[in-house]
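The primary structure of each chain is shown beneath.
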Amino acid sequence: MNLKVRLSIMNFLEFAVWGAYLTSMGNYLGKAGMGAEISWFYTIQGIVSIFMPTLMGIVADKYIQPQRLLGYCHLLAGLSMIGLFLMGEASAMPDEALFMTVYTFSVAFYMPTLALSNTSAFTILKNHGLDTIKDFPPIRVFGTVGFIATMWVVNCATWDHGSFMFLFSENAYKFQYTHLQFLVSGVLSIVLFLYEQTTRHVEEVESHTIDDAGEHEENDTRECRVTQSEESETEHPCKHGDEHHHLDAITLEEVWNQEEENYEGASFIRDEMKRR
């Protein structure tokens, strides 16, 4: 599959997970007896968004590859969302403290994925020689599409006495009024976790292939240089010897001429002294 298509799907699912419950969660909380705490549920997202992305960024820089950490965060967030669904399935009025704790755990691991998904996309694009400024914005648009699409599905999907329907009219059993919205978010998060594992595997394989190709090319270049060096030395085996002999001959001739000049000068001086 085309790399840009794979990244577009990843961004679609990334924001689809969020759109499944973000705008409709208050409808369910009001029916579940937690209407007075709706503001706190949305405040929790803002609070964890202050420090969790930073902490996960440190982990990604020092300990775990960003693509791998992205998958693990989605796995934990998805399991927590499914836990919220099971709590709503077990009781029409879930325990407020436990429900909020599980929800906090879920968003604590989901919120860092917004930054990690961008980091992973940028890294993959750069590794394949693509321009992030030009190629990333169309990919990111699919995240907005995913958010809107899932929000629209949850607002219209209805499970009424064992029958699934897609209604535009008002109905108390729509997903937006029930705990099923958390199930949609959890399932999408698990699907995204599995999908990211395949993307990471392809990236690692391609990375090893590129590294191997570069290593082979470097070895070939090194061998070529050695061969050229050997050829240059063996092309004229007597060339260096002739040069040395030629230099030796020139040096000896210069020394001989100098000695002759010194001898003639010394003889001239000796004759002059005798005359005097």
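Given the structure is predicted, the values throughout are model-derived calculations rather than measurements.

A. Representation of the environment of Asp160. Relative to the assigned elements, Asp160 resides in strand β1 (residues 157–160). In sequence terms Asp160 and Ala172 are 12 residues apart; their C-alpha atoms lie 8.6 Å from each other. The residues contacting Asp160, other than those within four sequence positions of it, are Met165, Asn171 and Tyr173.

B. Just the confidence of the model for the chain, in detail. With 72% of its residues at a pLDDT of at least 70, the chain reaches an overall mean of 82. By mean pLDDT, helix α8 (residues 239–275) is the weakest element of the chain at 55, and helix α6 (residues 132–156) is the strongest at 96. Below pLDDT 50 for its whole length, residues 236–240 participates in 0 contacts with residues either more than four positions away or in separate chains.

C. Focus on the pairing of β1. Here β1 pairs with strand β2 (residues 163–166) via 4 bridges, running antiparallel. When the bridges of β2 are listed, Thr158 appears paired with Met165.

D. Highlighting the packing of aromatic side chains. On inspection of all chains with the given rule, the structure shows 15 aromatic pairs. Measuring from centroid to centroid gives 5.8 Å for Phe99 and Phe182, while their planes differ by 75 degrees, and the two rings are edge-to-face. With a gap of 83 residues between them, Phe99 in helix α5 (residues 96–127) and Phe182 in helix α7 (residues 180–234) connect regions that are remote in the sequence. The buried category is assigned to Phe99, whose relative accessible area is 0%. Relative to Phe168, the ring of Trp152 lies with its centre 6.1 Å away and its plane at 45 degrees, an arrangement referred to as tilted. Here Trp152, found in helix α6, pairs with Phe168, found in the loop between β2 and α7; they are 16 residues apart in sequence, far enough to count as distant. Classification of Trp152 as partly exposed rests on a relative accessible area of 44%. Phe168 sits in the exposed class, given a relative accessible area of 64%.

Parameters and conventions
Residues numbered from 1 in each chain as written. Predicted model: local features only at pLDDT ≥ 70, side-chain atom pairs only at ≥ 80, totals over all residues. Heavy atoms only, no water. Helix = DSSP H or I, 4+ residues; strand = E, 2+ residues; numbered from the N terminus. Contact = heavy atoms within 4.5 Å. pLDDT = per-residue confidence, 0-100. Pairing = 2+ DSSP bridges. Phe/Tyr/Trp six-rings, centres within 6.5 Å; stacked < 30°, edge-to-face > 60°. Buried < 20%, exposed > 50% of the residue type's maximum accessible area, 1.4 Å probe, protein only.

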